[in-house]
Amino acid sequence: MKMKSVFDAPEIKSEFESAGINPNFMIPIWKYVIQNPDCVWDEIPSLPTAAYTLLHSKFKTFTSSLHSLFHSSDGTTSKLLIKLQNGAFVEAVIMRYDTRLGMCGGKPRPGGVRSTLCISSQVGCKMGCTFCATGSMGFKSNLTSGEIVEQLVHASRLADIRNIVFMGMGEPLNNYNAVVESVRAMLKQPFQLSPKRITISTVGVVHAINKLHNDLPGISLAVSLHAPVQEIRCQIMPAARAFPLQKLMDALQAFQKNSQQKIFIEYIMLDGVNDQEENAHQLGELLKTFQVVINLIPFNPIGSTSQFKTSTKQSVSIFQKILRETYNIRTTVRKEMGQDISGACGQLVVNQPDNKRPAEPLRDIEDLHL
């Protein structure tokens, strides 16, 4: 029988309730397992006798393990290769930012180093985006909510995770229930993340966007738009045929009206494909009635056979200037991080692991509100 992750909240709650055990015992179990990752169930104090029996028969402390760890040369990015109990692999990426490098009111921003975890929701992806390495894998399987949460637990042994972005392998809204349940778990003790620090990215799965705000109020939404017109979207994102641009815009308008939140727009810059001045004006017209932040993403190569080239810095700069000055839309350019370890945007793909950068010993867990 396949054992379940103890971090799969719906499963452990259901099993405990069926056995007449208070599901609130889930929180101290999580705390103990996080603090003692090599523990066995009998070591956890003060549980009902029936809970020990149930945990032994149906649950594992972890259904995944950290197989390999890779660090970028500049120290800003760490990529985790995580092995699931079925033998499949997924990747998660820790990105470290120093808020003091930014400016606010002409002065350096307060704060210090903060870490964002980029999480995977599926093994592979069925969206088939032509500029994304994960899309080349095809779709293998959905992750359970427990497997998603375990990525946070593994990463938290390396860094104090402040933000979560569902921008790793897979289309999060194609694994809707597991993603929703994993986020709900992250909002609880011992993680206690703020909903405003969790972002779910989607290529535009309209029916799921329509219910996201009600299921996860306060969560940020990012949309992988990547083109201002349907024709170009379909050319580089085959799944766009199922989600026409106008229907996507209608869903985003409803989401914004209900949530009163800004929407993040992700736009990969592909030389000669979607980076012309005309495209910038088309994008500005499309989004001028929305409250959005556009993030221009330099294309990260995914091998020598890639059909795309990275836009020039001049093209990116002109594109950004048009959106800012003509349409008054806040537009940023994403800093390239982790490219040397294939941990940058669009580069996550599971190949046969190698040993060119051996995993380093893990430090103790830091600041998980235990």
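The shown structure was predicted, so the numbers you read here are calculated from the model rather than taken from an experiment.

Enquirer: Is there a simple way to explain the overall build of the protein in this structure?
Expert: Check the secondary structure of the protein and you find 10 helices and 16 strands. By residue count, 52% of the 370 residues in the protein fall in the buried class. Put simply, of all contacts in the protein between residues at least 6 apart along the chain, 66% involve residues at least 24 apart. Just so you have it, the protein exposes about 17000 Å², and 48% of that area is on carbon and sulfur atoms.

Enquirer: Mind showing me how you'd approach the nonpolar core here?
Expert: Considering soluble globular proteins, one finds that nonpolar side chains tend to be buried as a cluster. Counting residues in hydrophobic clusters, the biggest one holds 91 residues, and the most contacted among them are F7, I164, F166, L287 and I294. Broken down by element, this core gets its largest block of residues, 7 residues, from helix α5 (residues 176-187). Residue contacts for F166: discarding those within four places in its chain leaves I119, I148, P172, V179, S182, V183, M186, I198, T199, I200 and S201. Among the nonpolar cores identified, the runner-up in size contains 17 residues, and M127, F131, A227 and M237 belong to it.

Enquirer: When you look at the packing of aromatic side chains in this model, what are you seeing that I'm missing?
Expert: The geometry of two aromatic rings is summed up by the distance between their centres and the angle between their planes. Going through the model one piece at a time under the given rule, you end up with 5 aromatic pairs. When the ring of W30 is compared with that of F191, the centres are 6.2 Å apart and the planes differ by 50°; the resulting orientation is tilted. Of this pair, W30 sits in helix α2 (residues 26-35) while F191 sits in the loop between α5 and β12 (198-202); the two residues are 161 residues apart in sequence, bridging distant segments of the chain. The same class applies to W30 and to F191, which are both buried. Through pairs of rings, three or more aromatic residues link up here, namely F7, W30, F62 and F191.

Enquirer: I keep staring at the packing of helix α1 (residues 9-18) against helix α3 (residues 49-58) and nothing clicks. Help me out?
Expert: How two helices sit against one another is set out by the angle between their axes and by the gap between those axes. Where α1 meets α3, the axes come as close as 11 Å, and the angle between the chain directions of the two elements is 135°. In terms of orientation, α1 and α3 fall into the oblique class. The two elements α1 and α3 cross, and the hand of that crossing is right-handed. Listed contacts from α3 to I12, E15 and F16 of α1 are A51, L54, L55 and K58. Tallied by class, the residues present in the contact of α1 with α3 amount to 5 nonpolar, no polar and 2 charged.

Enquirer: Got a minute to help me understand the pattern of salt bridges in this structure?
Expert: A side chain with one charge may pair with a side chain of the opposite charge, provided their charged atoms come close. By the definition in use, this model includes 7 salt bridges. The closest approach of N and O atoms between E15 and K4, which form a salt bridge, is 3.1 Å. Taken together, the residues span a long stretch of sequence, with E15 in helix α1 and K4 in strand β1 (residues 4-5) at a distance of 11 residues. The class for E15 is buried, based on a relative accessible area of 14%. Salt bridges sharing common partners tie together K4, E11, E15 and K58.

Enquirer: What should I look at first to understand α3 in this one?
Expert: For an α-helix, the turn length of 3.6 residues means that residues three or four places apart are oriented alike. For α3, every residue scored as buried is listed here: A51, Y52, L54 and L55. For α3, the angular spread of the buried residues around the axis is 165°, confining them to a single face. Of the exposed residues in α3, the ones pointing more than 90 degrees away from its buried face are T49 and T53. Looking at the packing, one finds that the buried side of α3 touches α1, α2 and β2 (59-60).

Enquirer: Explain unusual backbone geometry here, please?
Expert: Excluding glycine, most residues fall at negative phi; most peptide bonds, likewise, are trans. The step from Q189 to P190 runs through a cis peptide bond, and the omega angle for that step is 5°. For P190, the position within the fold is in the loop between α5 and β12. Unlike most non-glycine residues, N328 shows phi in positive territory, near 55°. Judged by relative accessible area, which is 70%, N328 ranks as exposed.

Enquirer: Help me understand the sheet that holds strand β3 (residues 64-71), please; the structure alone is not making it clear to me.
Expert: Paired through their backbone hydrogen bonds, the strands of a sheet run either parallel or antiparallel. Spatially, the 10 strands line up as an open sheet ordered β3-β4-β5-β8-β11-β12-β13-β14-β15-β16, and their pairing is mixed. Every interior strand has two partners, whereas the edge strands, β3 and β16 (330-333), have only one. Mean inter-strand twist for the sheet, computed between neighbouring axes without regard to direction, equals 25°. With 6 bridges joining them, strand β5 (residues 89-98) and strand β8 (residues 113-118) adopt antiparallel strand pairing. Of the residues in β8, the one forming a bridge with I94 is L117.

Enquirer: Would you mind showing me how to read the environment of V206 here?
Expert: With respect to the helices and strands, V206 occurs in helix α6 (residues 206-215). You can call V206 buried: its relative accessible area is 15%. Residues in contact with V206, not counting those within four places in the same chain, are F243, K247, L248 and A251.

Enquirer: Explain the environment of I209 here, please?
Expert: With respect to the helices and strands, I209 occurs in helix α6. For the pair I209 and Y176, spaced 33 residues apart in sequence, the C-alpha to C-alpha distance is 10.0 Å. With residues near it in sequence (within four places) discarded, I209 still touches L173, T202, G204, L221, L248, A251, L252 and F255.

Enquirer: Which parts of the structure should I look at to understand the confidence of the model for the protein?
Expert: Close inspection of predicted coordinates is inappropriate for parts of the model with low pLDDT. Taken over all residues, the pLDDT of the protein has a mean of 89, while the share at 70 or more is 86%. Taken as a whole, residues 343-348 scores under 50 in pLDDT and shows 31 contacts with residues more than four places along the chain or in a different chain. Note that residues 351-370 has pLDDT below 50 and, in this model, 44 contacts with residues that lie over four places away or in other chains.

What counts and how
- Residues numbered from 1 in each chain as written.
- Predicted model: local features only at pLDDT ≥ 70, side-chain atom pairs only at ≥ 80, totals over all residues.
- Heavy atoms only, no water.
- Helix = DSSP H or I, 4+ residues; strand = E, 2+ residues; numbered from the N terminus.
- Buried < 20%, exposed > 50% of the residue type's maximum accessible area, 1.4 Å probe, protein only.
- Contact = heavy atoms within 4.5 Å.
- Areas by Shrake-Rupley, 256 points an atom, 1.4 Å probe, with all protein chains shown as cover.
- Core = buried A, V, L, I, M, F, W, Y, C linked by side-chain atoms within 4.5 Å.
- Phe/Tyr/Trp six-rings, centres within 6.5 Å; stacked < 30°, edge-to-face > 60°.
- Axes fitted to C-alpha atoms, helices over the stretch in contact; angles between N-to-C directions.
- Parallel < 35°, antiparallel > 145°, perpendicular 65-115°, else oblique.
- Left-handed = near helix turned anticlockwise from the far one by under 90°.
- Nonpolar A, V, L, I, M, F, W, Y, C, P; charged D, E, K, R; others polar.
- Salt bridge = Lys/Arg side-chain N within 4 Å of Asp/Glu carboxyl O.
- Arc of directions from axis to C-beta.
- Pairing = 2+ DSSP bridges.
- pLDDT = per-residue confidence, 0-100.

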